[in-house]
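Summary of structural features
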Amino acid sequence: MTNPHAAADGAPPPQGPPAPDTDACTGGAGGNPHPAEGRAATTHPHPTTHGLHAHLVVTRPAFHLDITLTAAPGEVVALLGPNGAGKTTALRALAGLTPLTTGHLHLDGTELDRTPPESRPVGVVFQDYLLFPHLTALDNVAFGPRCHGATKTDARTQAAAWLDRMGLTEHAGVKPRRLSGGQAQRVALARALATHPRLLLLDEPLAALDARTRLDVRSQLRRHLAEFEAVAVLVTHDPLDAMVLADRLIVIEDGRVVQEGTPADIARHPRTDYIAHLVGLNLYRGRAADGHTVELAAGPVITTTEDLAGDVFVAFPPSAVTLFRDRPTGASARNLWRCEVAGLEIHGDQIRADLTGELSLAADLTTVAAAELDLHPGAPVWATVKAAQTHAYPA
Ligand SMILES: Nc1ncnc2c1ncn2[C@@H]1O[C@H](COP(=O)(O)OP(=O)(O)OP(=O)(O)O)[C@@H](O)[C@H]1O
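Everything in this summary refers to the structure shown in the same document. Since we're looking at a predicted model, the values are computed, not measured.

Broken down by element type, the protein chain carries 10 helices and 19 strands. By residue count, 44% of the 395 residues in the protein chain fall in the buried class. For the protein chain, the share of sequence-separated contacts (at least 6 apart) that also reach a separation of at least 24 residues comes to 67%.

Turning our eyes to something else, we now look at the sheet that holds strand 11 (residues 256–261). For sheets, the rule is that strands pair by backbone hydrogen bonds, running either parallel or antiparallel. Taken in spatial order, the 6 strands of this open sheet run 7-8-9-4-10-11, and their pairing is mixed. Strands at the two margins of the open sheet, each flanked by one partner only, are strand 7 (122–125) and strand 11. The mean inter-strand angle of the sheet, taken between neighbouring strand axes irrespective of direction, is 20°. Note: strand 4 (residues 76–80) against strand 9 (residues 231–236), 5 bridges, orientation parallel.

It is the contact of helix 3 (residues 137–147) with helix 4 (residues 152–165), at a shortest axis distance of 8 Å, that shows an interaxial angle of 120°. Here helix 4 runs oblique to helix 3, going by the angle between their axes. In the packing of helix 3 onto helix 4, the handedness of the crossing is right-handed. Contacts between helix 3 and helix 4 pair Ala-137, Leu-138, Val-141, Ala-142, Pro-145 and Arg-146 from the former with Lys-152, Asp-154, Ala-155, Arg-156, Gln-158, Ala-159, Ala-160, Trp-162 and Leu-163 from the latter. Looking at the contact of helix 3 with helix 4 residue by residue, the classes come out as 10 nonpolar, 1 polar and 4 charged.

Given a rise of 1.5 Å per residue, 13 residues ought to cover 18 Å, and the 18 Å separating the end C-alpha atoms of helix 5 (residues 181–193) matches this to within 8%. Burial analysis of helix 5 places 11 of its 13 residues in the buried class, which makes it a mostly covered element. For helix 5, the full list of buried residues reads Gln-183, Ala-184, Gln-185, Arg-186, Val-187, Ala-188, Leu-189, Ala-190, Arg-191, Ala-192 and Leu-193.

Among the nonpolar cores identified, the biggest contains 77 residues, and Leu-94, Val-141, Leu-199, Leu-201 and Val-233 are the most heavily contacted of them. It is helix 5 that contributes the most residues to this core, 7 residues altogether. Filtering out sequence-adjacent residues up to four positions away, Leu-94 remains in contact with Ala-54, Leu-105, Val-122, Leu-199, Leu-201 and Val-233.

Now for the site of the ligand. Around the ligand lies a shell formed by Arg-60, Phe-63, Gly-81, Asn-83, Gly-84, Ala-85, Gly-86, Lys-87, Thr-88, Thr-89 and His-237. When residues of the shell around the ligand are assigned to their parent elements, the largest contribution, 3 residues, is made by helix 2 (residues 87–95). Looking at the shell around the ligand, its residues break down into 2 nonpolar, 7 polar and 2 charged.

The sheet contact formed by strand 10 (residues 248–253) and strand 11 spans 5 bridges and is antiparallel. Its bridge partner being in strand 11, Ile-250 is matched across the sheet by Glu-260. Counted between consecutive antiparallel strands, the loop separating strand 10 from strand 11 contains 2 residues, among which Asp-254 sits at a positive phi close to 50°.

It is worth spelling out unusual backbone geometry at this point. Look at Glu-204: it is not a glycine, yet its phi comes out positive at around 45°. Looking at the element boundaries, Glu-204 is found in the loop between strand 8 (199–203) and helix 6 (211–227). Backbone geometry places Asp-254, a non-glycine residue, at a positive phi of 50°. Here Asp-254 lies in the loop between strand 10 and strand 11. You can call Asp-254 partly exposed: it has 13 C-beta atoms within 10 Å.

Turning our eyes to something else, we now look at the sheet that holds strand 14 (residues 321–324). Read from one edge to the other, the open sheet built from 5 strands follows the order 14-18-15-16-17, with strand pairing classed as antiparallel. Two strands lie at the open edges of the sheet, namely strand 14 and strand 17 (361–365), each paired on one side alone. Here the strands of the sheet are splayed against their neighbours by 45° on average, with no regard to which way each runs. Pairing of strand 15 (residues 335–347) with strand 16 (residues 350–357) involves 8 bridges; the strand directions are antiparallel. Bridge assignment links Leu-344 to a residue of strand 16, and that residue is Ala-353.

Before going further, it helps to spend a moment on helix 2. Counted residue by residue, helix 2 has 8 buried out of 9 residues, so it is predominantly covered. Three or more residues of helix 2 are buried, namely Lys-87, Thr-89, Ala-90, Leu-91, Arg-92, Ala-93, Leu-94 and Ala-95. Following helix 2 by one or two positions, Gly-96 has its phi on the positive side, about 90°.

So, on to the environment of Leu-94. Within the secondary structure, Leu-94 sits in helix 2. Through-space distance from the C-alpha of Leu-94 to that of Leu-201 is 8.2 Å; in sequence the pair is 107 residues apart.

What counts and how
- Residues numbered from 1 in each chain as written.
- Predicted model: local features only at pLDDT ≥ 70, side-chain atom pairs only at ≥ 80, totals over all residues.
- Helix = DSSP H or I, 4+ residues; strand = E, 2+ residues; numbered from the N terminus.
- Buried ≥ 20, exposed ≤ 12 C-beta atoms within 10 Å, placed from the backbone.
- Contact = placed C-beta atoms within 7 Å.
- Pairing = 2+ DSSP bridges.
- Axes fitted to C-alpha atoms, helices over the stretch in contact; angles between N-to-C directions.
- Parallel < 35°, antiparallel > 145°, perpendicular 65-115°, else oblique.
- Left-handed = near helix turned anticlockwise from the far one by under 90°.
- Nonpolar A, V, L, I, M, F, W, Y, C, P; charged D, E, K, R; others polar.
- Expected span 1.5 Å × (residues − 1).
- Core = buried A, V, L, I, M, F, W, Y, C linked by C-beta atoms within 7 Å.
- Near = placed C-beta within 6 Å.

See the structure below:
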């Protein structure tokens, strides 16, 4: 983690910085962990409201990012998306490390488009923390305030208070190599917050932690973010991090926003295969023909309980699917499809069967049921889903 107050917070470049100390902050000497791709410096006041208002356009030979991003002070927004979607590019553009090809970036009414990273009121926590290896936890945190003009004593007093808030007082004199992943992550967060940023950027902040530590740090981070009064933008691959930490999710695919909303809304109404997969739902797009019947483009029909017209999505969880080896007779489910097992994998304490055929879908069943049905790749099966267990909504 570091702060792209770059020079100001003086985080080290990843490949190993010159050794700064808390007195060594001289506007750029500290080094930026992710060198800016170039920009001139100016800050223009702009009469927009508080918070973040950004239209980020970055064009590269093989990639085009074009997203609009707004967030109110106190709001935590997660950028979620598959590899290569443009999340990091968006974060770097917000930090000033990647220049905008076009668009704008306003924070609390000030235009930052051309403000260099070290002059932006922005704090960044990177997934690999990027703490100065030769400075103690206290001096890592004190570096930001020191660069903002605090005396050495003041900077250290502020840093001590931040470490205390993070529950790290007893580690204040420890160098990063002697900190656990979770502790280093909290020092990194303290270092970003110690400069009182108006925009906090977190790049996969929990990715480097093992599962157990991740659980603890996730709940601590949630608490700190709840207390943070400015805008926080989080980049993650992990839907759980996004759901737990963010007030609002912005899903990016191929450089564009494909869906935006509260975690609950996105989990219930996924609009792309990527999101449906993330939240563990089977998702189809079709046309509601007579209210309760949705005709899928690929052929089959799904019966739902919702009364809709026009283009719709239909979703249902793998746990709603019941499998039979022989065609069921007198089954109450109105949705019945002839399928074949394409693959089987352990999914928690269940077996997940991937099915192809009249409809492609995932079905969850117990290991006992899988054994009784003698499921194996290539096995023919009948899949049923009750209409009441499907959920349809306008596309
Ligand atoms: N400095 C760069 N120069 C040229 N292309 C780049 C650069 N950085 C990223 N890209 C490309 O831009 C696209 C978006 O990358 P980006 O890292 O923003 O995606 P991401 O959503 O953060 O992905 P991941 O989750 O894998 O980190 C990718 O195609 C990537 O290869």
